[in-house]
Structures are given as structure tokens and as C-alpha cells.
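# Remarks on the overall topology
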Amino acid sequence: MRNDRILIYGAYGYTGRLVTEQAIGDGLDPIVAGRSAGKAESLAATHDLDYRVFTLDDSSVVADALADVAVVLNCAGPFVRTSGPMVDACIEAGTHYLDITGEIEVFEAIAAHDTEAEAASVTLLPGVGFDVVPTDSLAAHLSARLPDATHLELGFQGLDELSPGTAHTAIESLDDSGTVRRDSDLVDVPVAHDVRTIDFGDGSTTAATIQWGDVSTAYHTTGIPNVTVYAAQPEATIRFLRLSNRLGWLLGSTPVQSALHGLVDRFVDGPNEAARREESMYVWGRATNGEESVVSRLVTPESYLFTSHSAPHLAARVRDGEAPVGFQTPASAFGPDIALDIDGVERTDE
Ligand SMILES: NC(=O)c1ccc[n+]([C@@H]2O[C@H](COP(=O)([O-])OP(=O)(O)OC[C@H]3O[C@@H](n4cnc5c(N)ncnc54)[C@H](OP(=O)(O)O)[C@@H]3O)[C@@H](O)[C@H]2O)c1
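This one's a predicted model, so the numbers in the text were calculated from it and none came from an experiment.

Here we have seven strands laid out as an open sheet, ordered 3-2-1-4-5-6-15, and parallel in their pairing. Strands with a single pairing partner mark the edges of an open sheet, and in this sheet they are strand 3 (51-53) and strand 15 (326-327). Pairing analysis gives two bridges linking strand 6 (residues 123-125) to strand 15, with the strands arranged parallel. What sits directly across from Leu 124, in strand 15, is Phe 327. Sitting on the sheet, helix 4 (residues 79-93) is in contact with strand 1 (6-9), strand 4 (71-74), strand 5 (96-99) and strand 6, with an inclination near 165° to strand 5.

Right under this line is the structure:
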């Protein structure tokens, strides 16, 4: 029999642990899960939670494990590996699916399951962390301010320290090209193809284009056909990113990838609690129709702290039947003010 439980998969990873602790604080009593029995059991014992152990190799096995679960919150990334089997299993089991991805190809693959999910009365809501919740929220807000906008630019500043999983995900995309949306299509462009100065609200700084998930989600949310996403970057990083256009074959080769993943395993721990409490993120967006333009900004808590609050919050709202079924983005499900649900988020209009 289905109950109202939320299952957090990958709950013992860096972000999964933060999300689990906040879910407990929110009174959600989550089931924690993952593919390692030892790690899942140990996390469950620490917090006195139920746990489940299963790999994602066989969707039917996963569907059996989810048969009595209302919502899956997938924190196991890179999601390009984990989201496919988990989404299939959720549709089979009639369980709502959420994750914290920022990967364009994952959003597009999940969007392709829209009709199936709707038929199964299942909500598919990827991207319930930073940066997609703030940027998607800002995109919907800008679209409401300028309904005939044809071009949307989004950007963020403040992602100074990465978690292990974010670093692994970034390494795997080192040989990818950049991506923007042009006339409704996803189009390959060179990495960091556009560099500009943006005032994120904390003074002007240099920013370069990046291929983050908003290139996918902002279009699904607003229908604005041209979307470009920027991140504040030091000049040296931009030079390296531009170099990767010529060295992609090398950066994507097995020896270099293994060496970089090894370095992450040895040296990357993710921001500590003090950094999570002290840092802020600055999000900027501009919509234009060629004649007029509107600019809005958000200030949010540090990215991992933000995700630890937004992911369980949106999972609870989906469990409570507040989201439409089928493929959704944070703002298509909950409207342009969804980021303001999270404590410490402020929005300003220029
Ligand atoms: N959008 C956002 O707001 C946001 C914020 C933070 C993180 N992220 C993303 O979230 C992901 C996790 O980041 P993290 O730093 O928390 O990573 P992490 O500490 O390395 O943890 C990754 C977790 O995923 C599990 N996992 C990985 N591959 C798996 C697979 N094939 N099958 C089953 N489980 C698998 C790992 O389990 P094992 O230990 O058993 O391998 C572990 O529990 C990354 O992709 C990152 O980019 C997104």
C-alpha cells in the first residue's frame, strides 16, 4: 500500500547528507537509500531512520523498492548515470520523482517522458537545488514582467567551493562544447564563447557563458526562445575554459579523466559548515524584446545550504499534491515566487 513517505536516494553523499538532515528538521521522516549497505545503514542508525539498499541496474527491481513510496528525491549524481533508471522505475511504480541535477541532457531526457508520466499521474521535477530553483524562479518572474521577451540572460556568482559530486560532474563535461538556446533549439557553441561584465548586485564582475541546466529549464518554463547562462569567473579560469575548446580531446581522455577524478577523491571535501553559513549567492537575470529590457536579481544562501532547504521543501509540496503531473520545472510547478519560499532569499527589480 502506498504511504506518504519520501525516499532520499544517494542520502549518504555530501549533498544527500545535508538534504537528509534538513528533511529530518522539516519533520519529513525520510527513508534513506543508496547502493552501499554499510553507508545507508550507518546513516540510518545515526538518525534513527528507515533505510533501503538497491542499485539502479534494473528498473523493475527499483520499482519494487519504491512500490510504497510517495516521492523519490534523487541526490545521487552525476545524474546522467542515475536519473534514467530511477525515472523509469518511478513511472512504473507511480512514484513522484525529484532530483538536484543541473545537467542539460538530464533535463531534456526527463522532459521526453512527459506524456508517460502524465498517464501514470507522476510528477517529474528535476533540478530542485541550486542553481535551478533560483534561476528558474527569476526566469519566470522576468517573463511575467516582460511577457513578449525574446531573449533571456541568466547568471550567478558565488560558487567558489565545489562538493565532490559537483567536481566529478564538472570533470565529466570538460570535453563537452558550450550550449545556448537559439530560436527554441539547443545549439552547441565554444566553451566560454561570450565573456562580459555583469553587476550581480555585489559590484560588476567578469562572467563567461556556461552550459548549465537553465539553458534547458528556462525555455520549458517561459517559452522564451533564446537563453544564455553566465557564471562569474576569474580571468584565469576563463582562459583555461577557452583553452579546453582546443584540448577537449585530451581532457576527455581516459588517463586525464582518471587522474582528475583521483584528485577530487583525495582533495575535495566540499564547503564546511562555516563556509555554508557565511557565503551568499548572487543571481542576475535580464529579459529583452529588442526594445525594452527588464533586470531582476536574487540573493540566496550559499548554494549547498540553499539546496539542503529547497530540495526537501519541494519534495514535501509534491508529496502533498501541490504540483501538476508530468514533466515540470520548479517554476512551472510552483510559480515565479518559488525561490522566495526559502529563508534568506531576497529579490529586487531594477
Ligand atoms: N543542483 C544542485 O543544487 C546541486 C547541489 C549539490 C550537488 N549537486 C549535484 O549532486 C550530485 C551529488 O553531489 P555530491 O557532492 O553530494 O556527491 P558525492 O558526495 O560524491 O555523493 C554522490 C552520491 O551519489 C551516489 N552515486 C553516484 N553514482 C551512483 C550510481 N551510479 N548509482 C547509485 N548511486 C550513485 C554515491 O553513492 P556511493 O557512495 O555508493 O558511490 C553517493 O551517495 C552531483 O552530480 C552534483 O553536481 C547538485
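On to a negative patch on the surface. There is a patch of like negative charges on the surface, built from Asp 57, Asp 58, Asp 64, Asp 88, Glu 92 and Glu 116. Its location among the elements puts Asp 88 in helix 4.

Formed by 84 residues in total, the largest nonpolar core has its most connected members in Leu 7, Phe 54, Leu 66, Leu 73, Met 86, Leu 98 and Leu 152. In terms of residues, this core owes the most to one element, helix 4, which gives seven residues. Looking at this core, you find at least three residues from each of domain 1 (6-130 + 305-349) and domain 2 (132-302). Excluding residues within four positions of it along the chain, Leu 98 makes contact with Val 71, Val 72, Leu 73, Asn 74, Leu 125, Val 128, Leu 314, Ala 315 and Val 318.

If you add up the space inside the second largest pocket, you get close to 150 Å³. Taken together, Leu 18, Glu 21, Gln 22, Glu 273, Arg 276, Arg 277, Tyr 304, Leu 305, Ser 308 and His 309 make up the full set of residues lining the second largest pocket. When residues of the lining of the second largest pocket are traced back to their parent elements, those giving at least two are helix 1 (14-25), helix 12 (273-278) and helix 13 (303-319). Take the lining of the second largest pocket: its biggest share by element is four residues, from helix 13. Here the residues of the lining of the second largest pocket sort into three nonpolar, three polar and four charged.

A few words now on helix 7 (residues 132-145). With 14 residues, helix 7 should reach 20 Å at 1.5 Å per residue; the first-to-last C-alpha distance of 19 Å fits that figure. The buried count for helix 7 comes to twelve of 14 residues, which makes it a mostly enclosed element. For helix 7, the complete set of buried residues consists of Val 132, Val 133, Pro 134, Thr 135, Asp 136, Ser 137, Leu 138, Ala 139, Ala 140, His 141, Leu 142 and Ser 143.

It is worth spelling out the pattern of salt bridges at this point. The tally for this structure, following the rule as stated, stands at 13 salt bridges. Of the charged contacts, one joins Arg 5 and Asp 29 as a salt bridge, the two residues approaching to 3.7 Å between their closest N and O atoms. In this pair, Arg 5 sits in the segment before strand 1 while Asp 29 sits in the loop between helix 1 and strand 2 (31-34), placing the two residues 24 residues apart along the sequence. For Arg 5, a relative accessible area of 15% translates into the label buried. Given the relative accessible area of 41%, Asp 29 is considered partly exposed.

Conventions adopted
Residues numbered from 1 in each chain as written. Predicted model: local features only at pLDDT ≥ 70, side-chain atom pairs only at ≥ 80, totals over all residues. Heavy atoms only, no water. Pairing = 2+ DSSP bridges. Helix = DSSP H or I, 4+ residues; strand = E, 2+ residues; numbered from the N terminus. Contact = heavy atoms within 4.5 Å. Axes fitted to C-alpha atoms, helices over the stretch in contact; angles between N-to-C directions. Patch = residues over 30% accessible without salt bridge, like charges linked within 9 Å, V, L, I, M, F, W, Y side chains within 5 Å. Areas by Shrake-Rupley, 256 points an atom, 1.4 Å probe, with all protein chains shown as cover. Salt bridge = Lys/Arg side-chain N within 4 Å of Asp/Glu carboxyl O. Lys, Arg positive; Asp, Glu negative; His and termini not counted. Charge placed at Lys NZ, Arg CZ, Asp CG, Glu CD. Core = buried A, V, L, I, M, F, W, Y, C linked by side-chain atoms within 4.5 Å. Buried < 20%, exposed > 50% of the residue type's maximum accessible area, 1.4 Å probe, protein only. Domains from an automatic or database assignment. 1 Å grid on protein atoms, 1.4 Å probe; cavity = no way out; pocket = protein on both sides within 12 Å on 5 of 7 lines; lining within 4 Å. Points joined across faces, edges and corners; volume = space filled by probe spheres on them. Nonpolar A, V, L, I, M, F, W, Y, C, P; charged D, E, K, R; others polar. Expected span 1.5 Å × (residues − 1).

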